[in-house]
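These are the residues of each chain, in order.
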Amino acid sequence: MLAVFSITIPFFAVIGCGYAAERFRILGVASRVGLNNFVFYFALPVLIFGLMARSNITGAIDPAFFGAYLTASFGLFIPGLIIGRWLFRLPPGAAGVQSLSGIYGNTGYVGLPLAILVLGDAAGLPVIITLTMDIAIMAPVVMAIIEAGRADGAGIGAVFRRTARTLIKNPIIGAIVLGTLVSVFQIPLPEILTRFIDFLGSAAGPCALFALGASLVGNPISSGIGEVLYICLIKLVVHPLVLLFTMTQIFTIDPDWVKAAVLSATMPVAATVFVLAQQFDTYVRRCSTAVLLSTIISVATVSLALTLLE
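Residues numbered from 1 in each chain as written. Predicted model: local features only at pLDDT ≥ 70, side-chain atom pairs only at ≥ 80, totals over all residues. Heavy atoms only, no water.

Thoughts on the overall build of the protein
Counting secondary structure elements, the protein contains 15 helices and 0 strands. With 310 residues in all, the protein has 51% of them scored as buried. Once local pairs closer than 6 in sequence are excluded, the contacts in the protein between residues at least 24 apart make up 82%. By element, 69% of the accessible surface of the protein is carried by carbon and sulfur atoms, the whole surface being about 14200 Å². (Helix = DSSP H or I, 4+ residues; strand = E, 2+ residues; numbered from the N terminus. Buried < 20%, exposed > 50% of the residue type's maximum accessible area, 1.4 Å probe, protein only. Contact = heavy atoms within 4.5 Å. Areas by Shrake-Rupley, 256 points an atom, 1.4 Å probe, with all protein chains shown as cover.)

Details of the pattern of salt bridges
Under the counting rule described, the total for this entry stands at 3 salt bridges. The salt bridge involving Arg-54 is made with Asp-198; its shortest N-O contact spans 2.8 Å. Of this pair, Arg-54 sits in the loop between α2 (29-53) and α3 (57-60) while Asp-198 sits in helix α10 (residues 191-201), and the two are 144 residues apart along the sequence. For Arg-54, a relative accessible area of 45% gives the class partly exposed. By relative accessible area, which is 43% here, Asp-198 ends up partly exposed. (Salt bridge = Lys/Arg side-chain N within 4 Å of Asp/Glu carboxyl O.)

Examining unusual backbone geometry
Here Arg-89, not a glycine, exhibits a phi torsion of approximately 55°, which is positive. Along the chain, Arg-89 falls in the loop between α4 (63-86) and α5 (92-101).

Considering the side chain of Ser-73
Tracing the chain through its elements places Ser-73 in helix α4. By relative accessible area, Ser-73 is classed as buried at 0%. Beyond its immediate sequence surroundings of up to four residues, Ser-73 is in contact with Ile-103 and Met-138.

Regarding a nonpolar patch on the surface
Nonpolar side chains collect at one region of the surface, where Val-177, Leu-178, Leu-181, Val-184, Phe-185 and Ile-187 lie side by side and expose about 550 Å² of accessible area between them. Tracing the chain through its elements places Val-177 in helix α9 (residues 171-184). (Patch = residues over 30% accessible without salt bridge, like charges linked within 9 Å, V, L, I, M, F, W, Y side chains within 5 Å.)

Some thoughts on the nonpolar core
Where a protein is soluble and globular, its nonpolar side chains tend to be buried together. Judged by nonpolar contacts, the single largest core of 96 residues is most densely connected at Leu-44, Ile-48, Leu-100, Leu-112 and Met-247. With 13 residues, helix α7 (residues 124-148) is the largest single contributor of residues to this core. In this structure Leu-100 touches Phe-77, Met-138, Ala-139, Val-142, Val-273 and Leu-276, once residues within four positions along its chain are discounted. (Core = buried A, V, L, I, M, F, W, Y, C linked by side-chain atoms within 4.5 Å.)

So, the packing of aromatic side chains
Applying the stated criterion to the full structure yields 3 aromatic pairs. Pairing Phe-40 with Tyr-41 gives two aromatic rings, centres 5.0 Å apart and planes at 90°, and the pair type is edge-to-face. Ring geometry for Phe-88 against Tyr-230: centres 5.2 Å apart, planes inclined by 50°, an arrangement best described as tilted. Linking Phe-88 in the loop between α4 and α5 with Tyr-230 in helix α12 (residues 225-250), this pair joins segments that are 142 residues apart in sequence. The cationic tip of Arg-23 hangs over the ring face of Phe-24; the distance from NZ or CZ to the ring centre is 5.9 Å. (Phe/Tyr/Trp six-rings, centres within 6.5 Å; stacked < 30°, edge-to-face > 60°. Lys NZ or Arg CZ within 6 Å of the ring centre and 35° of its normal.)

A word on the packing of helix α6 (residues 107-119) against helix α11 (residues 204-215)
At their nearest, the axes of α6 and α11 sit 9 Å apart, and the two run at 140° to each other. The pairing of α6 with α11 is recorded here as oblique in orientation. Here the hand of the crossing between α6 and α11 comes out left-handed. Here Tyr-109, Val-110 and Pro-113 of α6 lie close against α11, whose contacting residues are Gly-205, Ala-208, Leu-209 and Leu-212. Here the contact of α6 with α11 is composed, by residue class, of 6 nonpolar, 1 polar and no charged. (Axes fitted to C-alpha atoms, helices over the stretch in contact; angles between N-to-C directions. Parallel < 35°, antiparallel > 145°, perpendicular 65-115°, else oblique. Left-handed = near helix turned anticlockwise from the far one by under 90°. Nonpolar A, V, L, I, M, F, W, Y, C, P; charged D, E, K, R; others polar.)

Below, the structure is given as structure tokens:
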């Protein structure tokens, strides 16, 4: 356990540094936005592109992996919608955001760097695949639910078109697609390009964690603590266990990929879910609190997961 803490504590310490920098106004709003943009548009896409381009994608990807992950995701998302509607009396859009919070973890900012550090570069590919499914499948489903639940909504067709445009403009999706093409067609990368990828990509982890910490300031733990604790329980405990079950009992998945996927499932609620909630002005306060509280609790749960996975 001590060895596991020696790995996880530095990660969460960087998050703490980002929180302190924003809390004591060392950064400022402009600096925080700039750091987030640097990670989102440069460092993280370059890191993902490098991992995808240098992976043997055609020989590694297993359709069963997609089936296992989506089975776990929808197996929790659909009951979560029902619970949100009937237990917490939430409107459809808010129930959708609440349910998404229980399955969409902070994979890009925390899960990917941690998985690579603990399990090696080979763990990057399965983690990126889970991130892609969350971005390209689960998030659009919630957007459609929100829009459909609005009396003045533009309709599913309009939501689909807007979502498609958003995904096309997303640099992470672009990096995944481009890296996949390079891998599939075995396009050699010049040494100068690989050095650039390694140099810039290495900044993704610490900068992303620092930016995440800064984004947690101003998200107070306020009313609705029961709903927030419910989200944390689903995200940090139930989701990893359900995913472990689908990948070992329903589908047959490579054990190394199981470890990477389950580790990514232990991540706290993604800041992306809060961004989505803010964009649609739906379930914003509870979602904000869930991001903060799940990040704090995940210090212990991620360490425990690493110990059990070993």
